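Chain and residue survey
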Amino acid sequence: GHAEWPNLLDGDAIPDESLERCITNAKVASTNWLLFTLYYFQMLVAYLFDDIELAIKMGEKYIDLDESLHRSGKGFVLRSFSFVLRSELTFLCCLTSLAHARKTKEGLWEKRGHESMERVKKLAKDYPTSYQHKLLLLEAESAFNAGNKC
């Protein structure tokens, strides 16, 4: 369906309520797994629609929630549930950081991208079928940022 701002997952993309309302309801109900999922998919859609700032904002919300739950001791149950989602977030954080580095020319984002890429390298070693191709994409993005257009 049509949405005026599809990267906000609003309008016909979520027909019953806005994303902010979904997030508020998930917070009130303490359904952290839903918050993780909403933040991840909001980040993914924002990246796909080249709204890098929104993608970064959603990624930071995801990381803040993860760290908050870990500090409170409530993160263990979510850790097993969200391993795949966290792994995908690592990949997406790397892509987003490298894209932002390309746009802003700020070394901080290149550094964040390379830090995430190191975690993706470990995932590619442990789960090559799921992550080797993603690592190759990240390496190509990094090379492109460095000026290697081949």
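**Some points on helix H5 (residues 83–104)**
- Relative to the 32 Å expected for 22 residues at 1.5 Å per residue, H5 spans 31 Å between its end C-alpha atoms, a close match to the ideal helical length.
- Counting buried positions over the 22 residues of H5 gives 16, a clear majority of the element.
- Positive backbone phi, at 65°, marks Lys105, one or two positions downstream of H5.

**What to know about the side chain of Ser116**
- Mapping Ser116 onto the fold places it in helix H6 (residues 107–126).
- Setting aside chain neighbours within four positions, we find Ser116 in contact with Thr90, Cys93 and Cys94.

**As for unusual backbone geometry**
- Phi angles above zero are rare outside glycine, and Asp50 is one such case at about 60°.
- Looking at the element boundaries, Asp50 is found in the loop between helix H2 (32–48) and helix H3 (52–72).
- A relative accessible area of 47% places Asp50 in the partly exposed class.
- Even without a glycine there, the phi angle at Lys105 is positive, about 65°.
- With respect to the helices and strands, Lys105 occurs in the loop between H5 and H6.
- Judged by relative accessible area, which is 68%, Lys105 ranks as exposed.

**A short note on the pattern of salt bridges**
- Applying the stated criterion to the full structure yields seven salt bridges.
- Its salt-bridge partner being Arg102, residue Glu141 comes within 3.0 Å of it at the nearest N-O pair. You can see Glu141 sitting in helix H7 (residues 128–145) and its partner Arg102 sitting in helix H5, a full 39 residues away along the chain.
- The exposure class of Arg102 is partly exposed, given its relative accessible area of 29%.

**Focus: the packing of aromatic side chains**
- This model, assessed by the stated rule, comprises two aromatic pairs.
- The interplanar angle of 75° and the centroid separation of 5.0 Å between the aromatic rings of Tyr40 and Phe41 together place this pair among those described as edge-to-face.
- Stacked on the ring of Trp109, the Lys or Arg Arg112 has its end atom at 4.5 Å from the ring centre.

**A short note on the confidence of the model for the protein chain**
- Looking at the protein chain as a whole, its pLDDT mean stands at 80, while 77% of the residues score no less than 70.
- Across the protein chain, the element-wise mean pLDDT spans from 54 in helix H4 (residues 75–81) up to 93 in H7.

Cut-off values and rules
- Residues numbered from 1 in each chain as written.
- Predicted model: local features only at pLDDT ≥ 70, side-chain atom pairs only at ≥ 80, totals over all residues.
- Heavy atoms only, no water.
- Helix = DSSP H or I, 4+ residues; strand = E, 2+ residues; numbered from the N terminus.
- Expected span 1.5 Å × (residues − 1).
- Buried < 20%, exposed > 50% of the residue type's maximum accessible area, 1.4 Å probe, protein only.
- Contact = heavy atoms within 4.5 Å.
- Salt bridge = Lys/Arg side-chain N within 4 Å of Asp/Glu carboxyl O.
- Phe/Tyr/Trp six-rings, centres within 6.5 Å; stacked < 30°, edge-to-face > 60°.
- Lys NZ or Arg CZ within 6 Å of the ring centre and 35° of its normal.
- pLDDT = per-residue confidence, 0-100.

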